[in-house]
Amino acid sequence: MSEPDQTEQWSVSHLAVTDLMTQLLGLLRDKGYNPSNHISYDRRNHHLLLDQQVTAGNPDIRSMYNAYLEACRKRDEELEQVKQMPKTDLGF
């Protein structure tokens, strides 16, 4: 099987972010937290921000959050690579 192209790699990275975000929200709920009260969105960096008090007292939440942030970083790198790809003339 051939290696995925840049847009496919970005898609895979984006799906990984979505999956980890879902897992993180579920973990927060399982631990008794209401995500609406402890999460905000960083528009500049395009990822969720989690209250430090939540991560400080919960190593499993901190670990999941760090995995989510790493996935976001990888997604952003993949997006930058896609932006550097030559533009295709579709003939319109």
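Residues numbered from 1 in each chain as written. Predicted model: local features only at pLDDT ≥ 70, side-chain atom pairs only at ≥ 80, totals over all residues. Heavy atoms only, no water.

So, the overall build of the chain
A tally of helices and strands in the chain yields four helices and two strands. For the chain, the α and β elements follow one another from N to C terminus as α-α-β-β-α-α. Whereas a compact globule of 92 residues would reach a radius of gyration of roughly 12 Å, the chain reaches 16 Å, over 25% beyond that. Seen along its three principal axes, the alpha-carbon backbone of the chain occupies a region of about 55 × 30 × 20 Å. Out of the 92 residues belonging to the chain, those deemed buried represent 28%. Within the chain, counting contacts between residues at least 6 apart in sequence, those at least 24 apart form 55% of the total. Carbon and sulfur atoms make up 53% of the accessible area of the chain, which amounts to about 6700 Å² in all. Averaged over its 10 positive side-chain charges, the chain has a centre that lies 7 Å from the centre of its 14 negative ones. (Helix = DSSP H or I, 4+ residues; strand = E, 2+ residues; numbered from the N terminus. Rg over C-alpha atoms; globule rule 2.2 N^0.38 Å. Buried < 20%, exposed > 50% of the residue type's maximum accessible area, 1.4 Å probe, protein only. Contact = heavy atoms within 4.5 Å. Areas by Shrake-Rupley, 256 points an atom, 1.4 Å probe, with all protein chains shown as cover. Lys, Arg positive; Asp, Glu negative; His and termini not counted. Charge placed at Lys NZ, Arg CZ, Asp CG, Glu CD.)

Considering the pairing of strand β1 (residues 39-42)
The side chains of a regular strand alternate between the sheet's two faces. With four bridges joining them, β1 and strand β2 (residues 47-50) adopt antiparallel strand pairing. Bridge pairing in β2 links Ser-40 to Leu-49. A loop of four residues connects β1 with β2, the two strands running antiparallel in sequence, and His-46 in this loop sits at a positive phi of about 60°. (Pairing = 2+ DSSP bridges.)

A few points about helix α4 (residues 59-83)
Since there are 3.6 residues in each turn of an α-helix, residues three or four apart along the chain are aligned in direction. Taking 1.5 Å of rise per residue, the 25 residues of α4 would be expected to cover 36 Å, and the 36 Å separating its terminal C-alpha atoms lies within 8% of that figure. Lining the buried residues of α4 we find α1 (6-30), β2 and α3 (52-56). (Expected span 1.5 Å × (residues − 1).)

Quick look at the nonpolar core
Residues Leu-24, Leu-28, Ile-39, Leu-50, Ile-61 and Tyr-68 are the most contacted members of the largest nonpolar core, which totals 16 residues. Going through the elements one at a time, α1, β2 and α4 are the ones with two or more residues in this core. Apart from residues lying up to four places away in sequence, Ile-61 is in contact with Leu-24, Leu-27, Leu-28, Lys-31, Tyr-33, Leu-50, Val-54 and Thr-55. (Core = buried A, V, L, I, M, F, W, Y, C linked by side-chain atoms within 4.5 Å.)

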